[in-house]
Amino acid sequence: MKCEEYKLKRALISVSDKTDIVDFATGLHDLGIELISTGGTADYLRACGLPVVNVSDLTGFPEILDGRVKTLHPKIHAGLLAQLDNEAHQKQLEEHDFPSIDLLVVNLYPFEETLAREGSTHAEIVENIDIGGPAMLRAAAKNYRWTAAVVNPQHYKETLTLLQMNNGCLPERVRIGLAGEAFEHTAHYDAVVAEYFRTQRNSSFPELYTLQARRGKNLRYGENPHQSAVLYGKFTKIFNQLHGKELSYNNIIDIDAASRLVMEFGEPAVAIIKHTNPCGVGIGSDLREAYNKAFATDTVSPFGGIIAFNKPVDEDLAQMIHGIFTEVLIAPEFSPEALELLKKKKDRRLIQVDYNVLKKSIKHDIRSVAGGYLVQNPDDVLLDEDALRVVTQRDPSDDERAAMLFAWKVAKHVKSNAIVYAAPDRTLAIGAGQMSRVDSARIAVQKAKDAGIELKGCAVASDAFFPFADGLLQAVEAGAVAVIQPGGSVRDEEVIAAADESNITMMFTGMRHFRH
């Protein structure tokens, strides 16, 4: 007999998430399928009027160890693993009076939910590690030809319809699909548990690194229209879309970049982003002042860009930005009046973010490469105060020091090679992502000239050392009087001498911020 022709006789149901399970079980019962279940699920189904056989009655063995052992029994696993076209298997089932279990409906203890719940103790978290459920799912999925495994409540209706259409049978292609999903389910579950124990032993990079994330949403396309894309993970739990068109792949990347940048500041700050690079950044006594400073850096590029605010947006600020074409606005809160006004542009995305949750969520930076992944700790350190030192004869003034540190915060978020000219409270010019550091500096200066911005007396930050004095002298020629850079070049002394000769002040951080 082929599995497509085998009529299901018996289903074992054990679910933590009871969504739609009564309707599904009722449909199975109506098809003449016997229902077997574990304690809590059995009580639930029985209370809904369904006849259910307890697992303990089937096995002749009680649930023990506070329910830790209930389905770990040969009668259960033989029923799940028996190949019904194998005469030896059939004979052994008959000898031991083991019934075949043809359908397994299982979802696992709520480990992720317990882990996410504030106040959960280590003991509670560990107790919510499911043992019997994954064991049964793996058994059923391995034996997919004769035991169908259903883990997702979204498939209940479809599975029931197929059983009704096929006289209680399931096509093999469906069984294969369900088996694959069952293994994905247990793999994800185990990965979450492994990640929890990894954090308990402070191991950053385990020998076996498993990516684990649930599908969040399908995207219309990826970086380009011919690329398919899906968003996985908890992005939508950190960034709540209040209004506007569906987020694109590129929007999501820019939202992440803008939010990480604006988090660098405690005072009211605004970051304007285009293609992950900042167009302008400003701070002020309030967001309106900060926005004006950020926008003044580059009044052209912000159109169609992303704007991130680190404080709530009120109606007055909304009035200022409403007329400018922007793809996305990000803030921890929008006042009702601001929201009403900003929603008048139907396509503009309004995103509410919890920066505290965002900060906690950043654990690893992961990039795919041919045949694998690069995994690193996030670049979440601005500088080492102990390593920060003035290397020139002239010490910086308070304003020069403030301008250098402001520029350094921004340079950390600019694609390498990065050059940032800044005042203590705003960016003045940004050169990003050029193959030569000199070219980045040249572009920044030209953009300042185009915008009519005076660079005389400003500070400049470079994300990595100046390999030659020419890059520094170009900054001096543009008007910089203070330079902050990592240092570490074999020609550091030459660069320091050029700074002293120009009577500028320079600080070495001892730390670079490449961003590829």
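**Things to note about the overall build of the chain**
Step number 1: On a plain count of helices and strands, the chain comes out with 20 helices and 21 strands.
Step number 2: Here the C-alpha radius of gyration of the chain, 31 Å, is well above what a compact globule of 516 residues would show, namely 24 Å.
Step number 3: Considering only C-alpha atoms, the chain reaches an extent of 95 × 50 × 45 Å along its principal axes.
Step number 4: For the chain, the residues scored as buried account for 49% of the 516 residues in total.
Step number 5: Summarising the internal contacts of the chain: among those between residues at least 6 apart in sequence, 57% fall at separations of at least 24.
Step number 6: Carbon and sulfur atoms form 49% of the exposed surface of the chain, whose accessible area is close to 25400 Å².
Step number 7: For the chain, the distance from the average position of its 56 positive side-chain charges to the average position of its 70 negative side-chain charges is 4 Å.

**A closer look at the nonpolar core**
Step number 1: Within the largest apolar cluster, 47 residues are counted, with the highest numbers of intra-cluster contacts made by Phe239, Ile255, Phe265, Ile330, Tyr355 and Val410.
Step number 2: At seven residues, the largest contribution of residues to this core is made by helix 17 (residues 398-411).
Step number 3: When sequence neighbours within four positions are dropped, the list of residues in contact with Ile255 reads Phe235, Phe239, Leu247, Val328, Ile330 and Ile351.

**Points about the pattern of salt bridges**
Step number 1: Counted under the stated rule, the structure contains 19 salt bridges.
Step number 2: Here Asp286 ties to Arg288 by a salt bridge, and the two come within 3.7 Å at their closest N and O atoms.
Step number 3: Measuring nitrogen to oxygen at the nearest pair gives 3.1 Å for the salt bridge that ties Asp298 to Lys447. Of this pair, Asp298 sits in the loop between helix 13 (287-297) and strand 11 (305-309) while Lys447 sits in helix 18 (residues 437-451), placing them 149 residues apart in sequence.
Step number 4: Classification of Lys447 by relative accessible area gives partly exposed; the value is 34%.

**Observations concerning the packing of helix 19 (residues 469-478) against helix 20 (residues 492-501)**
Step number 1: Two numbers describe how helix 19 lies on helix 20: the axes approach to 9 Å, and their chain directions differ by 20°. Taken as axis vectors, helix 19 and helix 20 run roughly parallel relative to one another. As helix 19 packs across helix 20, the resulting crossing turns out to be right-handed. Contacts between helix 19 and helix 20 involve Ala469, Leu472 and Leu473 from the former and Glu494, Val495, Ala498 and Ala499 from the latter.
Step number 2: When its residues are assigned to classes, the contact of helix 19 with helix 20 shows six nonpolar, no polar and one charged.

**A word on the packing of helix 8 (residues 132-142) against helix 10 (residues 172-200)**
Step number 1: Between helix 8 and helix 10, the shortest axis-to-axis distance is 9 Å and the interhelical angle comes to 150°. One finds that helix 8 runs roughly antiparallel with respect to helix 10. For the pair helix 8 and helix 10, the sense of crossing is left-handed. Of the residues in helix 10, those in contact with Pro134, Leu137, Arg138, Ala141 and Lys142 of helix 8 are Ala179, Ala182, Phe183, His185 and Thr186.
Step number 2: Residues belonging to the contact of helix 8 with helix 10 are distributed by class as follows: six nonpolar, two polar and two charged.

**Some remarks on helix 19**
Step number 1: When we look at burial in helix 19, the residues that qualify are Ala469, Gly471, Leu472, Gln474, Ala475 and Ala478.
Step number 2: Buried residues along helix 19 sit in contact with strand 17 (419-423), helix 18, strand 19 (458-462), strand 20 (480-485), helix 20 and strand 21 (505-508).
Step number 3: Backbone geometry just downstream of helix 19 places Gly479 in the positive-phi region, at approximately 125°.

**With respect to the sheet that holds strand 1 (residues 10-15)**
Strands pair in a sheet through their backbones, by hydrogen bonds, and they do so in one of two ways: parallel or antiparallel.
Step number 1: Pairing is parallel in the open sheet, where five strands are placed in the order 3-2-1-4-5. The sheet terminates laterally at strand 3 (53-54) and strand 5 (148-150), the two strands that pair on one side only.
Step number 2: As paired elements, strand 1 and strand 2 (residues 34-37) share four bridges and run parallel to each other. The residue of strand 2 that forms the bridge with Arg10 is Glu34.
Step number 3: Relative to the sheet, helix 8 contacts strand 1, strand 4 (103-107) and strand 5, its axis offset from that of strand 4 by approximately 145°.

**Some thoughts on a nonpolar patch on the surface**
Step number 1: Taken together, the side chains of Tyr209, Leu211, Ile366 and Tyr373 present a nonpolar region at the surface, about 380 Å² in accessible area.
Step number 2: Its location among the elements puts Tyr209 in the loop between helix 10 and strand 6 (215-219).
Step number 3: Classification of Tyr209 by relative accessible area gives partly exposed; the value is 33%.

**Describing a negative patch on the surface**
Step number 1: A surface patch of negative charge is lined by Asp17, Asp20, Asp23 and Glu113.
Step number 2: Inspection of the secondary structure assignment puts Asp20 in the loop between strand 1 and helix 1 (21-30).
Step number 3: By relative accessible area, Asp20 is classed as partly exposed at 46%.

**Notes on the environment of Glu195**
Step number 1: Looking at the secondary structure, you find Glu195 in helix 10.
Step number 2: When the C-alpha atoms of Glu195 and Leu211 are compared, they prove to be 9.5 Å apart, with 16 residues separating the residues in sequence.
Step number 3: With sequence-adjacent residues up to four places away left out, Glu195 is seen in contact with Gln212 and Lys363.

**Observations concerning the pairing of strand 11**
Step number 1: Among the five residues in strand 11, five count as buried, and that is most of the element.
Step number 2: Side chains Gly305, Ile307 and Phe309 of strand 11 all project onto a buried face; the interleaved residues Ile306 and Ala308 project onto the opposite face, where all are buried too.
Step number 3: With four bridges joining them, strand 9 (residues 269-274) and strand 11 adopt antiparallel strand pairing. Across the sheet, the residue bridging to Ile272 is Ile307, located in strand 11.
Step number 4: Note that strand 11 and strand 12 (residues 326-331) share four bridges and pair parallel.

**Structural notes on the packing of aromatic side chains**
Aromatic ring pairs are described here by two measures, namely the spacing of the ring centres and the angle between the planes.
Step number 1: Per the stated rule, a full pass over the model turns up seven aromatic pairs.
Step number 2: Ring plane angle 75° and centroid distance 6.0 Å describe the contact between Phe111 and Tyr196, whose orientation is recorded as edge-to-face. Placement of the pair is Phe111 in helix 6 (residues 111-116) and Tyr196 in helix 10, with a sequence separation of 85 residues.
Step number 3: These aromatic residues form a ring-pair network of at least three members: Phe111, Tyr189, Tyr196 and Phe197.
Step number 4: For Lys18, the ring lying beneath its charged end belongs to Tyr44, and the centroid distance is 6.0 Å.

Basis of the calculations
- Residues numbered from 1 in each chain as written.
- Predicted model: local features only at pLDDT ≥ 70, side-chain atom pairs only at ≥ 80, totals over all residues.
- Heavy atoms only, no water.
- Helix = DSSP H or I, 4+ residues; strand = E, 2+ residues; numbered from the N terminus.
- Rg over C-alpha atoms; globule rule 2.2 N^0.38 Å.
- Buried < 20%, exposed > 50% of the residue type's maximum accessible area, 1.4 Å probe, protein only.
- Contact = heavy atoms within 4.5 Å.
- Areas by Shrake-Rupley, 256 points an atom, 1.4 Å probe, with all protein chains shown as cover.
- Lys, Arg positive; Asp, Glu negative; His and termini not counted.
- Charge placed at Lys NZ, Arg CZ, Asp CG, Glu CD.
- Core = buried A, V, L, I, M, F, W, Y, C linked by side-chain atoms within 4.5 Å.
- Salt bridge = Lys/Arg side-chain N within 4 Å of Asp/Glu carboxyl O.
- Axes fitted to C-alpha atoms, helices over the stretch in contact; angles between N-to-C directions.
- Parallel < 35°, antiparallel > 145°, perpendicular 65-115°, else oblique.
- Left-handed = near helix turned anticlockwise from the far one by under 90°.
- Nonpolar A, V, L, I, M, F, W, Y, C, P; charged D, E, K, R; others polar.
- Pairing = 2+ DSSP bridges.
- Patch = residues over 30% accessible without salt bridge, like charges linked within 9 Å, V, L, I, M, F, W, Y side chains within 5 Å.
- Phe/Tyr/Trp six-rings, centres within 6.5 Å; stacked < 30°, edge-to-face > 60°.
- Lys NZ or Arg CZ within 6 Å of the ring centre and 35° of its normal.

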